[in-house]
Number of protein chains: 6
Amino acid sequence: MSNYTYQHFNVTFPPEQQYVAHVEIHRPDKLNAFIEAMWLELSAIFTRLSSDPSVRSIVLTGAGDRAFSAGLDVKAASEGLLSDSPESDLDSARRAAHLRRHIVSFQDCISSIEKCEKPVIVALHGIALGLAIDISVAADVRLCSSDVRFAVKEVDIGLAADIGTLSRLPKVVGNFGWVKEVALTARTFGAEEALRVGFVNRVFGHKEEAVQGALELAGLIATKSPVAVQGTKELLNYSRDHTVQEGLRYTTVWNSAMVQTKDVSAALLSGIQKRKPTFEKL
Amino acid sequence: MSNYTYQHFNVTFPPEQQYVAHVEIHRPDKLNAFIEAMWLELSAIFTRLSSDPSVRSIVLTGAGDRAFSAGLDVKAASEGLLSDSPESDLDSARRAAHLRRHIVSFQDCISSIEKCEKPVIVALHGIALGLAIDISVAADVRLCSSDVRFAVKEVDIGLAADIGTLSRLPKVVGNFGWVKEVALTARTFGAEEALRVGFVNRVFGHKEEAVQGALELAGLIATKSPVAVQGTKELLNYSRDHTVQEGLRYTTVWNSAMVQTKDVSAALLSGIQKRKPTFEKL
Amino acid sequence: MSNYTYQHFNVTFPPEQQYVAHVEIHRPDKLNAFIEAMWLELSAIFTRLSSDPSVRSIVLTGAGDRAFSAGLDVKAASEGLLSDSPESDLDSARRAAHLRRHIVSFQDCISSIEKCEKPVIVALHGIALGLAIDISVAADVRLCSSDVRFAVKEVDIGLAADIGTLSRLPKVVGNFGWVKEVALTARTFGAEEALRVGFVNRVFGHKEEAVQGALELAGLIATKSPVAVQGTKELLNYSRDHTVQEGLRYTTVWNSAMVQTKDVSAALLSGIQKRKPTFEKL
Amino acid sequence: MSNYTYQHFNVTFPPEQQYVAHVEIHRPDKLNAFIEAMWLELSAIFTRLSSDPSVRSIVLTGAGDRAFSAGLDVKAASEGLLSDSPESDLDSARRAAHLRRHIVSFQDCISSIEKCEKPVIVALHGIALGLAIDISVAADVRLCSSDVRFAVKEVDIGLAADIGTLSRLPKVVGNFGWVKEVALTARTFGAEEALRVGFVNRVFGHKEEAVQGALELAGLIATKSPVAVQGTKELLNYSRDHTVQEGLRYTTVWNSAMVQTKDVSAALLSGIQKRKPTFEKL
Amino acid sequence: MSNYTYQHFNVTFPPEQQYVAHVEIHRPDKLNAFIEAMWLELSAIFTRLSSDPSVRSIVLTGAGDRAFSAGLDVKAASEGLLSDSPESDLDSARRAAHLRRHIVSFQDCISSIEKCEKPVIVALHGIALGLAIDISVAADVRLCSSDVRFAVKEVDIGLAADIGTLSRLPKVVGNFGWVKEVALTARTFGAEEALRVGFVNRVFGHKEEAVQGALELAGLIATKSPVAVQGTKELLNYSRDHTVQEGLRYTTVWNSAMVQTKDVSAALLSGIQKRKPTFEKL
Amino acid sequence: MSNYTYQHFNVTFPPEQQYVAHVEIHRPDKLNAFIEAMWLELSAIFTRLSSDPSVRSIVLTGAGDRAFSAGLDVKAASEGLLSDSPESDLDSARRAAHLRRHIVSFQDCISSIEKCEKPVIVALHGIALGLAIDISVAADVRLCSSDVRFAVKEVDIGLAADIGTLSRLPKVVGNFGWVKEVALTARTFGAEEALRVGFVNRVFGHKEEAVQGALELAGLIATKSPVAVQGTKELLNYSRDHTVQEGLRYTTVWNSAMVQTKDVSAALLSGIQKRKPTFEKL
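These figures come from a predicted structure and were not determined experimentally.

Peer 1: Can you break down the domain arrangement of chain A residue by residue, with the values?
Peer 2: Residue and element names in this part refer to chain A. The assigned domain composition of chain A is domain 1 (9-223) and domain 2 (226-273). Relative placement of domain 1 and domain 2: their C-alpha centres are 27 Å apart. Linking domain 1 with domain 2 are two salt bridges, by the criterion used here. Linking Glu 114 and Arg 240 is a salt bridge whose minimum nitrogen-to-oxygen distance equals 2.7 Å. Inspection of the domain 1/domain 2 interface yields six residue pairs in polar contact (both at pLDDT 80 or more). Across the side of domain 1 that touches domain 2, the residue classes tally to five nonpolar, no polar and six charged.

In structure tokens form, the structure reads like this:
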């Protein structure tokens, strides 16, 4: 396995789950709060995993017992981008132009999770605020432990969330009134409520169980045809943003190439022979 | 507080919830059923509240014990727009042109709730039929008391609902089969079912409790930065109707101006000082 | 009633539910698995029912105790379209062009259920895999019996589902994480889970009860104004794929003609006279 | 004819062109430059003409020899909205919120020309800068005299044009490079160039001829079925903003009512009888 | 060559242009005016040509000297669909429903030209009114002779054009003011004007020259790789209806299969060897 | 001026045109044909210029007398991506996945011209084939010399153009029939035809004059407010891809920040004082 060494993340390849990468946010002494260097690293990692043929699914977790992530490192941000008087010689329009470039770049980093061609399972625990939500909704499946404390925290620092939550959460959870309530109040919600509204797929007892559950789910997905799995992720994300008719049209073109894979006959033959199929790398 | 006096609505500003307006439909002897003058007033009220700097969130309720609203006043409508022989000298195309203008105007009135820049919480009780649903889905959050009886009633008068329910309900409730069932059958559903499918956020015992709950929720929202709150409403409504990518793009432009608010430093400082921030009017 | 005779489907008109057609998939010895001739028939049936004035709603079920449908007849497909070496003299691009035509044609057949102007209720039982899901999500309401076993099975044969599931399921069920999980893993889920996430509207004890429940629901819908019912189906499907504003605009144009129906006065008069209205054929 | 009296506009009904309204911008001593009161009046006029059954088409011109309009009255604006220190106590976010409301309101006024159900022909002459272009592209047909001097002037006052030119000009003129050049440089262009790129339909010698040409074109349109004419305007504007398929779908619903007009038989009969048809008011 | 025999059309395969089909509207005694049977045949022909591997491009012309087509056979239509009292026992809503089905079916027939996978060149001459325009804009390239007389004729029979002109003409000709003028006035325009605005690509002296020019253009296209040609038609039509970004995305998926064609190496090798490539059928 | 040194491009800052960058494709011995290293460099250059505050507009030209660019270096490509047997051990689906990644990356490089915040003027001369068209349509304004020979060349190598031409050309030139003809035939067209259809804005005698003309146009744009210019580019590109209504909405949000620039008062004051304004860097 090639060398994935980063400053703020641990990337490992658990031997018991073939083709699965485990990405761990690793700044536990700061509750895994994010500084700019971290979202740049996050993007680099997921971009690389996206085309690594030895990876078929990915698990994302946070180091330590206390927090998946406390979100943006507000202290660092308040000395930088959110500072009261940054670039004070600029007029408001020029400051806006600079801010826009910065937000675009930040959004692009988080979107690398969604753009990653392989499914991403996120296992959440403890504190999971603000940017933790932006990150979670860019992933494909969310699992959590029972101690998790979520909040769409941005209004509490005077901001509308702009790194993905407001764009993606209404498409992840089909309960628009609930989305509005949690985004407008910044109130905390826990595992049970998250499960009820569909923000998470399953609740585990402790963090370790949630991480284990995520690895097993990722492992299961990694046993399937990578042609089929990566096509399914792409087509579901496409459908989310298009009409049914557009979805069907894009699907025909996609599958006109993908149905030609040898994985179909491999899968069919394995089914007949009652054995597990193996698929070539992709 | 300026003077908000209307014929069919009471608009008050409850002193215990700063920056909150309370709009009450007030035609209790007719179960708050709507005649044309009422939706014109409704629109005038919400348009005015939208830019009133002393208002940061709004609660909408119905007067009396029996009904939030029985919907369209069918008797009045059947003598007017829905009359069997209106404008009998016109051909069908010309009648269609007149009807179209009328429906557009009616829709615009109800859409004033959605267009209102401040969050709108609706507290529903008793009878809530037809137009009551159109109104509810144009609001941001729906609460109710346990005695509520909802129905998308329009098919029972020979009509497809055209004032907003069919356009907004599928985006409010992420259960398309349920939406189809209640819209195609006009059957009644109660508080528990409404909560389960996500049509309402919470169920209260009695009307008074629901109204009180709505006022407290509105009050909580009104303590937050109005720049953050109004941006959140706008961006969530925008996201509902756009792809994730379009949502992100619009968000960057929006926030390139809004992040320059002093509310950010006010909120951050209050957080450090453990006191409640105050925000300038917007 | 005109003669609806088909090779793989039984089409009947149950006398106890006026204006209701009952379409039964009838290949029970093969678990109602689909071969090409069947989806062509399915399309012919729904296209015809769509404009048959004596039909106002439709129930779709599967014959036999064991399966609504096992999906695509994989054995037949593996000798045809999914064969390892079909048209082996063609280059990949030409094969892709042929496959694309084929998938478009297959999709169009299943979409005939959605395009059918009358509501379609599907009653699911036993095995319901792969294509059974594509078919279900093209219908308006899904009911099931408690023994049902669902799976979005396609990744298990090396494919991304391309006949409708990936385009429609995320719009039917507002829980994107769950949709991704079941589509990426091909795991089975049962009636209770299907109800919880909103894939089905109701669970019945046995198949017979589910079919009976579907017929009664279809019967109830068939008592309503067909102008109102068909408009409601059309406008809800339109709204699913458009912004709220586009939905409202289309609705005004649609209803500018439809409000001119005599069904409105018929319905209003019946309401006053406390009797059941009758509506002309459409 | 009802009374259309306004402060900054003359609205007349030239007897030689039945059903035609002539709207003249009337502030010739200021080169017909616009102050806020004027765009509010403009909107009131076109909204009223839109539903006036005695009007079937409209001509818009500017009073005086020198200018159709010099655009925004920059002097007035620089003391108001564009002032260097307006509302200087507001932070940039709050100023942005106020500006946004103002721009929306301004845009809505100009869009009243496009929303007007009847075709609008604009006859341009002399100076036609900035806002004159925004207004022109909201109309249906542009004619001009040979002395006209156009410019998309906004970049010369430090602004991107925001009242319609940047949104509509690329859809009016199918030459994107030319649109970019004139918008990025603010350079002047004349009648011949405007004709060549398709910004105007025809060039006349003098202003009087252009106005007369516009009245005759409007008069010709006013002899046609108003059902057909108003449908054509609506459907062409709809098509501009939608796919071909969406255009076709909307057209079917529109015409399902409109084809029922008596104008069809009136027109067909007149064709057979070689006489001019008359159509009822709409 | 297989047998293409139709009642109202001649379909031939001119030997001097390999892979080219020539479709001729053949009802010259009625100026090639269309009755319902004709558009049904037209659709059958183009659907069949679309997948006929021996056809790579198509020319469409009208028989006789006087007219490409006078459009809809108004006499036939006025006894049928456009009759003053059709189905007089139906209410307006039911008539609208029937009309809608009819218009959809008519539109689909004409759209078969656009959906045809091979490029369609139309050569226009003489009278070309109403439906002739709807048909022309569904084709890929329009050529004409100098005697042609075009008109978007529908408003003269009390209708907004609904079979494609209003949806497609604004996308074919990038001069929105001109499109509005000719559609709102129904005025005639000739070859020179059609060339100037881009409605036709080239003007020939006489009909025979135009037909010959069309056959040569079709013949040239038919010498190219059919994979490349059919992809180009599909991607250009897709781009017309989508954003640049959507167009690019669809293109990548399309070409990920199509670039695998042997036609690329065949074309490259021919280029090196200075000889004409041959391509396999598609 | 910072150091812009690249292998295949010359980037200079002509002293007579302040704030203008001149990018020259520099591989004249190969007719400026592109190999992969070149489009990667192109992207790096435009991404860097996009945020370089000392640059306000950009000119793109080709070195040497003979060619702006002969397009893709087909010889290099046929040994790489377009090779007959690349990665021969992969099945068609896996090859398609690799090709898709490659095309996306190639498209992104060319799109960097469009994404560049500053206007890009391209001056074309001599041979300008295939990729030269993809590049040109990603720029804002196209100028040329009279000797230019254009062709959308891709069908001649068995491909549908996939790096931007098919997505952007129909939006640059409002003559869809002409676009189809040149894309389906790969025929050459010259300066005069390019001017007539609007592909280029102006034709100059020789290459040097075209380059000089481009520098002067860029220089003129660079004298304007950069806030206004960059906003105009952004809003015009946005409008191309959106409805008028969406364009207006985005414009309001954009300008709510941008109108706050000091450039407005600087421009207004300069206008009054009849002197040239200066604007701060952006």
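Peer 1: I'd like to hear about a negative patch on the surface, residue by residue, with values.
Peer 2: All names here are of chain A. Taken together, the side chains of Asp 65, Asp 147, Glu 208 and Glu 209 present a region of like negative charge at the surface. Within the secondary structure, Glu 208 is located in helix 8 (residues 207-222). Under the relative-accessibility criterion, Glu 208 is labelled exposed at 52%.

Peer 1: Could you give an account of the interface of chain B and chain C, naming the residues involved and the relevant values?
Peer 2: Taken residue by residue, the interface counts 43 residues in chain B and 44 residues in chain C. Summing both sides of the interface, chain B and chain C together bury roughly 3,700 Å²; the carbon and sulfur share of this comes to 65%. Of all residues in chain B, B:Phe176, B:Lys180 and B:Leu184 give up the largest surface area on contact with chain C, accounting jointly for 18% of the area buried on that side. At the junction of chain B and chain C, the tally comes to three salt bridges. Every element with two or more residues in the side of chain B that touches chain C is listed here: helix 2 (74-79), helix 3 (92-115), helix 5 (165-172) and helix 6 (176-185) of chain B. Residue contributions to the side of chain B that touches chain C peak at ten residues, all from helix 3 of chain B. Within the side of chain B that touches chain C, the residues separate by chemical class into 20 nonpolar, eleven polar and twelve charged.

Peer 1: Give a description of the sheet that holds strand 8 (residues 149-151) of chain C that names residues and reports values.
Peer 2: Residues and elements named next belong to chain C. Taken in spatial order, the three strands line up as 4-6-8 in an open sheet, and their pairing is parallel. With partners counted over all chains shown, the strands left at the sheet margins are strand 4 (67-69) and strand 8, one partner each. Ignoring strand direction, the axes of neighbouring strands in this sheet form an average angle of 15 degrees. Where strand 6 (residues 127-129) lies against strand 8, three bridges are found, and the strand directions are parallel. Across the sheet, Leu 129 pairs through a bridge with Ala 151, a residue of strand 8.

Peer 1: Which residues make up unusual backbone geometry, and what values go with them?
Peer 2: For E:Leu31, which is not glycine, the phi dihedral falls at a positive 55 degrees. Along the polypeptide, E:Leu31 turns up in the loop between strand 2 (20-25) and helix 1 (36-50). Of note, F:Lys274 is a non-glycine position whose phi angle comes to about 55 degrees, a positive value. By the secondary structure assignment, F:Lys274 is in the segment after helix 11 (263-273). In this structure F:Lys274 comes out as exposed when scored by relative accessible area, which is 76%.

Peer 1: Go over the interface of chain C and chain D with me, naming the residues and quoting the values.
Peer 2: On the chain D side, the residues contacting the ten residues of chain C number ten residues. If you sort the residues of chain C by the area they bury against chain D, C:Arg249, C:Tyr250 and C:Val253 come out on top, with a joint share of 53%. Our enumeration of links across chain C and chain D arrives at two salt bridges. A salt bridge links C:Arg249 to D:Glu234; the shortest N-O distance between them is 3.1 Å. Taken together, the connections running from chain C to chain D amount to six residue pairs in polar contact (both at pLDDT 80 or more). The set of elements that each furnish at least two residues to the side of chain C that touches chain D consists of helix 9 (226-240) and helix 10 (244-258) of chain C. With seven residues, the single largest contributor to the side of chain C that touches chain D is helix 10 of chain C. Broken down by class, the residue content of the side of chain C that touches chain D amounts to five nonpolar, two polar and three charged.

Peer 1: Tell me about the relation of the copies chain B and chain C, and please be specific about residues and values.
Peer 2: Rotating chain B by 120 degrees and translating it 0.0 Å along the rotation axis places it on chain C, where the RMSD comes to 0.0 Å. These values place the two chain copies in the arrangement generated by a three-fold rotation axis. No C-alpha of chain B lies nearer the rotation axis than that of B:Gly174, which sits 2.3 Å from it. The fraction of interface residues of chain B whose copies in chain C are also interface residues is only 7%, indicating that the copies meet through different surfaces.

Peer 1: Just give me the short version of the relation of the copies chain C and chain D, but keep the residues and values in it.
Peer 2: It takes a turn of 180 degrees to lay chain C on chain D, together with a shift of 0.0 Å along the axis; the resulting RMSD is 0.0 Å. Look at the turn and shift together and you get a two-fold axis relating the two. Among all residues of chain C, the minimum C-alpha distance to the rotation axis is found for C:Ala257, at 2.6 Å. Comparing interface residues between copies, 100% of those in chain C also lie at the interface in chain D; the contact surface is shared.

Peer 1: Describe the pairing of strand 1 (residues 9-12) of chain C, with residues and values.
Peer 2: Residues and elements named next belong to chain C. Side chains Phe 9 and Val 11 project from strand 1 onto a buried face, and the interleaved Asn 10 and Thr 12 project onto a face without burial. Here strand 1 runs beside strand 2 (residues 20-25); their pairing, made up of four bridges, is antiparallel. Each bridged residue has a counterpart across the sheet, and for Phe 9 the counterpart in strand 2 is Ile 25.

Thresholds applied
- Residues numbered from 1 in each chain as written.
- Chains lettered and ligands numbered in written order.
- Predicted model: local features only at pLDDT ≥ 70, side-chain atom pairs only at ≥ 80, totals over all residues.
- Heavy atoms only, no water.
- Domains from an automatic or database assignment.
- Salt bridge = Lys/Arg side-chain N within 4 Å of Asp/Glu carboxyl O.
- Polar contact = N/O pair within 3.5 Å; in protein donor to acceptor, adjacent residues only side chain to side chain.
- Nonpolar A, V, L, I, M, F, W, Y, C, P; charged D, E, K, R; others polar.
- Patch = residues over 30% accessible without salt bridge, like charges linked within 9 Å, V, L, I, M, F, W, Y side chains within 5 Å.
- Areas by Shrake-Rupley, 256 points an atom, 1.4 Å probe, with all protein chains shown as cover.
- Lys, Arg positive; Asp, Glu negative; His and termini not counted.
- Charge placed at Lys NZ, Arg CZ, Asp CG, Glu CD.
- Helix = DSSP H or I, 4+ residues; strand = E, 2+ residues; numbered from the N terminus.
- Buried < 20%, exposed > 50% of the residue type's maximum accessible area, 1.4 Å probe, protein only.
- Contact = heavy atoms within 4.5 Å.
- Buried area = accessible area lost by both parts, 1.4 Å probe.
- Pairing = 2+ DSSP bridges.
- Axes fitted to C-alpha atoms, helices over the stretch in contact; angles between N-to-C directions.
- Least-squares fit on C-alpha atoms with pLDDT ≥ 70 in both.

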